Amino acid sequence: MKRVLGFIITLVVIVLMAADTWSQSNQLSVVETEEDLDQDDEVTVEGFTGQKPVDLKKVFIPTREWQTVEADQVLLPGLHIRMNLQTGLKEAKLMDGDDGKEYQESLERLRRTGHTGLTQAVISSESPMSEDLLPSTQNKEDPKAALMRENIIEALKNIKNEDSLTPKELGDEALKAKGKFRSYGELKKDFDDLNLAVETDLEILTRLIDQYHTSYSDNDRVSILEDLEYLVHQFDNAISFVDMGGLNQIVLTGINSSSTEVKQGALHLLGSAVQSNPKVQIAAVEAGLVQSLIRAIAYDTQEGVARKAVFALSCLVRGFPYGQQVLLQHGGLEVLRKVFDRQDFKSLPLQLKVVSLLHDLLVEREEAEGERLHQLRRLSIDDQLATGGWCPAVSSLLAVASFDRRDRRYDMGAALRNEMPLRPDHDTVDKVVAAMGSMVRVCRYQFHEALPLLRHLAHTYDDLAYKEQFQDSDDGGHALFKSLADMIQSLVKNISQRNEL
């Protein structure tokens, strides 16, 4: 009976010892007995020493945030406790959703009674007390917690990334990769040894401008203009090109060249440099390039040069009211209008570029606000469109979109004679109808003659959209034809309503 009683008391003592080790409060003093007690050995509970007093200054005061618990601080029940694996320190805070009211009640009770409410049992045995279980006078870290932390840290070190590499292996790989690359200084030295130079964009611009001045071959100049055009697409490079005098030294001399290829290259370079770049646009207008572009459109007999000039002019004046003002002051609209007097098929791309430019200027004015709207309204483009013959000129391009079914050999013959083709061009219809839509307020009476052809085009595109939806291919044909049909029908309705007024 005594042996059974001793076993039960030993088990109770072990449980109490585990609770004491976890809380690290040293509130319970335990004497370990040997596991193989003899029958004559006795384990007795000498008594309770009472409730252990607590120093109020050492009571841990929690908040809703994690705080480090010092080794000599006392933790009251009702807290969320964790071990910080990085620092190895114990941290605590209020439980989620707890406003701290219960903890404050426990603290008040502690202040009134002077103890935590726990008792200290002293158990004796004839067996000597184990040194590992002696009450510590110093606040030492739990050996089990320390071992657990070391194991977790070691396990984290061995966690592999998505490439199945540990942190140490990743570091080794980084060192190997670093050894494969060289610094900028080393690379530049190697290039110098090979008589190759590492240049910045500014250095390249300077070199190309110098080469253009010293070149005597048109082919070389064209190649240099292409390289410059590639560079000035970047905003800062275009400004640097202007600061170096590129507009006067390269663009103007190129436009005045006797070589068609050099002219086209210079015009393309100008369009790329001024596009959406206000500083370059201002410099181009001050350099007189608007007038140069107008002359190129009016007098150059090469359609390729004229198209490039319209491209550069569009890039220069779009989104730039001052450029549009200079264009109008120098008769730019009249020159652009005369492009439609060229009755040959080769002029069609040039005429469509002019139509697109006009459409963009009108849409820009419709969408403008504030001071920009006030500036654009002062240009009075509507008056020049109404009196300058623009309305019949633009609507006449609808003839290109004729859907009359005629002999294919007749179409080929028309192409050989540089006449307008009879086959429809959907891109032409799109651009012309869009321009007419932006001009309808000014050209309401002149567009009335185009209503039969517009209705015919609307019906045809409706039919094409209906047929396209049953095709197996999903090439966007149905959406394209449906969009064109809707746009034409809207234009027809707008013209009809205005004429009824």
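Residues numbered from 1 in each chain as written. Predicted model: local features only at pLDDT ≥ 70, side-chain atom pairs only at ≥ 80, totals over all residues. Heavy atoms only, no water.

A few words on the overall build of the protein. The helix and strand tally for the protein stands at 23 helices and 5 strands. Out of the 501 residues belonging to the protein, those deemed buried represent 38%. The contacts of the protein with a sequence gap of at least 6 include a subset with a gap of at least 24, amounting to 67%. Approximately 30500 Å² of the protein is accessible, and the part contributed by carbon and sulfur atoms is 52%. (Helix = DSSP H or I, 4+ residues; strand = E, 2+ residues; numbered from the N terminus. Buried < 20%, exposed > 50% of the residue type's maximum accessible area, 1.4 Å probe, protein only. Contact = heavy atoms within 4.5 Å. Areas by Shrake-Rupley, 256 points an atom, 1.4 Å probe, with all protein chains shown as cover.)

Another aspect to go through is the pairing of strand S4 (residues 90-94). Most of S4 sits out of view: 5 of its 5 residues are buried. Pairing analysis gives 2 bridges linking strand S2 (residues 67-68) to S4, with the strands arranged antiparallel. Across the sheet, the residue bridging to Gln 67 is Ala 92, located in S4. Bridge count between strand S3 (residues 79-83) and S4: 5 bridges; the pairing is antiparallel. (Pairing = 2+ DSSP bridges.)

Attention now moves to the packing of helix H12 (residues 289-299) against helix H13 (residues 303-317). Contact geometry for H12 and H13: axes closest at 8 Å, N-to-C directions at 150°. Considering the angle they form, H12 stands roughly antiparallel to H13. Classified by chirality, the crossing of H13 by H12 is left-handed. Here Val 290, Leu 293, Ala 296 and Ile 297 of H12 come into contact with H13, specifically with Ala 306, Ala 309, Val 310, Ala 312, Leu 313 and Leu 316. Looking at side-chain class alone, the contact of H12 with H13 contains 10 nonpolar, no polar and no charged residues. (Axes fitted to C-alpha atoms, helices over the stretch in contact; angles between N-to-C directions. Parallel < 35°, antiparallel > 145°, perpendicular 65-115°, else oblique. Left-handed = near helix turned anticlockwise from the far one by under 90°. Nonpolar A, V, L, I, M, F, W, Y, C, P; charged D, E, K, R; others polar.)

Right, let's get into the environment of Val 354. With respect to the helices, strands and loops of the structure, Val 354 is situated in helix H16 (residues 348-367). What makes Val 354 buried here is its relative accessible area of 1%. Residues Val 354 and Phe 311 lie 43 residues apart in sequence; the distance between their C-alpha atoms is 8.9 Å. Once residues within four sequence positions are removed from consideration, Val 354 is found in contact with Val 310, Leu 336, Val 339, Phe 340 and Trp 390.

Within this structure, the stated rule accounts for 1 disulfide. Across a sulfur-sulfur distance of 1.7 Å, Cys 391 and Cys 443 are joined as a disulfide pair. Between Cys 391 and Cys 443 the disulfide shows an S-S torsion of about -65°. By sign, it is left-handed. In this pair, Cys 391 is assigned in helix H19 (residues 390-395) and Cys 443 in the loop between helix H21 (426-439) and helix H22 (451-468), connecting sequence segments 52 residues apart. Given a relative accessible area of 0%, Cys 443 falls into the buried group. (Disulfide = S-S within 2.5 Å.)

Although it is not a glycine, Ser 276 sits at a positive phi angle of roughly 55°. Looking at the secondary structure, you find Ser 276 in the loop between helix H10 (260-274) and helix H11 (278-286). One non-glycine residue, Ser 380, adopts positive backbone phi at about 55°. For Ser 380, a relative accessible area of 31% gives the class partly exposed.

Take the packing of H10 against H13 next. As a packed pair, H10 and H13 sit with axes 8 Å apart at the nearest point and diverge in direction by 15°. By the angle class used here, H10 and H13 are roughly parallel. As for the relative orientation of H10 and H13, their crossing is left-handed in sense. Contacts from Thr 260, Lys 263, Gln 264, Leu 267, His 268, Leu 270, Gly 271, Ser 272 and Val 274 in H10 reach Gly 304, Val 305, Lys 308, Ala 309, Phe 311, Ala 312, Cys 315 and Leu 316 in H13.

Our focus in this paragraph is the packing of aromatic side chains. Using the criterion set out here, one finds 3 aromatic pairs in the structure. Ring geometry for Phe 320 versus Tyr 322: centroids 6.0 Å apart, planes at 75°, classification edge-to-face. Where Phe 340 meets Trp 390, the ring centres are 5.7 Å apart and the plane angle is 75°; that geometry is what we call edge-to-face. Here Phe 340 is found in the loop between helix H15 (332-338) and H16, whereas its partner Trp 390 is found in helix H19, with 50 residues between them in sequence. The two residues Phe 340 and Trp 390 agree in class, both being buried. Looking at Arg 82, its charged tip hangs above the ring of Trp 66, at a distance of 4.1 Å from the centre. Sitting over the face of the ring of Tyr 212, Arg 221 holds its NZ or CZ atom 6.0 Å from the ring centroid. (Phe/Tyr/Trp six-rings, centres within 6.5 Å; stacked < 30°, edge-to-face > 60°. Lys NZ or Arg CZ within 6 Å of the ring centre and 35° of its normal.)

In this section: helix H14 (residues 321-329). When we look at burial in H14, the residues that qualify are Pro 321, Gly 323, Gln 324, Val 326, Leu 327 and Leu 328. Gly 331 sits one or two positions beyond H14 and adopts a positive phi of about 70°.

Turning our attention to the pattern of salt bridges. Taken as a whole, this structure holds 12 salt bridges when the rule is applied. With a closest N to O distance of 3.0 Å, Arg 337 and Asp 341 form a salt bridge. Judged by its relative accessible area of 49%, Asp 341 is partly exposed. With its nearest N and O atoms 3.3 Å apart, the salt bridge here joins Asp 427 to Lys 431. Of this pair, Asp 427 and Lys 431 both sit in helix H21, 4 residues apart, which is roughly one turn of that helix. With a relative accessible area of 40%, Asp 427 lands in the partly exposed category. (Salt bridge = Lys/Arg side-chain N within 4 Å of Asp/Glu carboxyl O.)

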